[in-house]
Amino acid sequence: MNFSFAIGPGTLFVVILSELLINPETRAKGMAVGTVSMSIFSIICNGSALSIIDAIGPGKSFFMYFIAYVLCLLFLAMYLPETRGVKFEISTQQHGVT
């Protein structure tokens, strides 16, 4: 399971939060909430994976997780602001951080 998590969206959220949350106080709180949320969802996914595989089979369970990842990527592609090429100083000015 750890290999699947490493290539899934779990580690990506740490990078996304660090890009979006510029203020250090907000970033610390956001990273804490994000880390706890990822841990809870990891426990739920890892704890239910074998039951789901037993109930619907390995192919359908893989497809279910695949659909969840695709929906996540579509959401990120549509709503995540582009920060490539934007300097940190300009980004902080846009968000009103001094």
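Everything below is about the structure printed above this text.
Rules used throughout
- Residues numbered from 1 in each chain as written.
- Predicted model: local features only at pLDDT ≥ 70, side-chain atom pairs only at ≥ 80, totals over all residues.
- Heavy atoms only, no water.
- 1 Å grid on protein atoms, 1.4 Å probe; cavity = no way out; pocket = protein on both sides within 12 Å on 5 of 7 lines; lining within 4 Å.
- Points joined across faces, edges and corners; volume = space filled by probe spheres on them.
- Helix = DSSP H or I, 4+ residues; strand = E, 2+ residues; numbered from the N terminus.
- Nonpolar A, V, L, I, M, F, W, Y, C, P; charged D, E, K, R; others polar.
- Axes fitted to C-alpha atoms, helices over the stretch in contact; angles between N-to-C directions.
- Parallel < 35°, antiparallel > 145°, perpendicular 65-115°, else oblique.
- Contact = heavy atoms within 4.5 Å.
- Expected span 1.5 Å × (residues − 1).
- Bend = angle between axes of the 7 residues up to and from the residue.
- Buried < 20%, exposed > 50% of the residue type's maximum accessible area, 1.4 Å probe, protein only.
- Phe/Tyr/Trp six-rings, centres within 6.5 Å; stacked < 30°, edge-to-face > 60°.

### Looking at empty space enclosed by the protein
- Per the stated rule, a full pass over the model turns up one cavity of 30 Å³ or more.
- In this structure, the largest cavity spans a volume of roughly 30 Å³.
- Lining the largest cavity are Phe13, Val14, Leu17, Met31, Gly34, Thr35 and Met38.
- Elements represented by at least two residues in the lining of the largest cavity include exactly α2 (12–20) and α3 (24–56).
- No other element matches α3, which puts four residues into the lining of the largest cavity.
- Residues that form the lining of the largest cavity fall into these classes: five nonpolar, two polar and no charged.

### Describing the packing of α3 against helix α4 (residues 58–79)
- The interhelical angle for the contact between α3 and α4, taken along N-to-C directions, is 135°, at an axis separation of 7 Å. As far as their axial angle goes, α4 and α3 are oblique. Of α4, the residues touching α3 (which contributes Cys45, Ser48, Ala49, Ile52, Ile53 and Ile56) are Pro58, Lys60, Ser61, Met64 and Tyr65.
- A breakdown of the residues in the contact of α3 with α4 according to their chemical character gives eight nonpolar, two polar and one charged.

### Here's the deal with the environment of Val14
- Mapping Val14 onto the fold places it in helix α2.
- Expressed as a C-alpha distance, the spacing of Val14 and Met31, which sit 17 residues apart in the sequence, is 7.1 Å.
- In contact with Val14, not counting residues within four places along its chain, are Met31 and Met38.

### Describing α3
- Compared with the 48 Å implied by 1.5 Å per residue over 33 residues, the 45 Å span of α3 between its first and last C-alpha is a close match.
- Helix geometry: α3 is bent most strongly at Ala49, by close to 40°.
- For α3, the complete set of buried residues consists of Gly30, Gly34, Met38 and Ala49.
- Where α3 is buried, its residues touch α2 and α4.
- In the stretch just after α3, Gly57 is the one whose phi turns positive, near 95°.

### Quick notes on the packing of aromatic side chains
- Tallied over the full model, the rule gives two aromatic pairs.
- Geometrically, the ring pair formed by Phe75 and Tyr79 is tilted, given 5.0 Å between the ring centres and 45° between the ring planes. Of this pair, Phe75 and Tyr79 both sit in helix α4, four residues apart, which is roughly one turn of the helix.

### A few points about the layout of surface pockets
- Size it by volume and the second largest pocket reaches roughly 160 Å³.
- Along the walls of the second largest pocket sit Phe13, Ile16, Leu17, Leu20, Cys72, Phe75, Leu76, Tyr79 and Leu80, which together make up its complete lining.
- Looking at the lining of the second largest pocket residue by residue, the classes come out as nine nonpolar, no polar and no charged.

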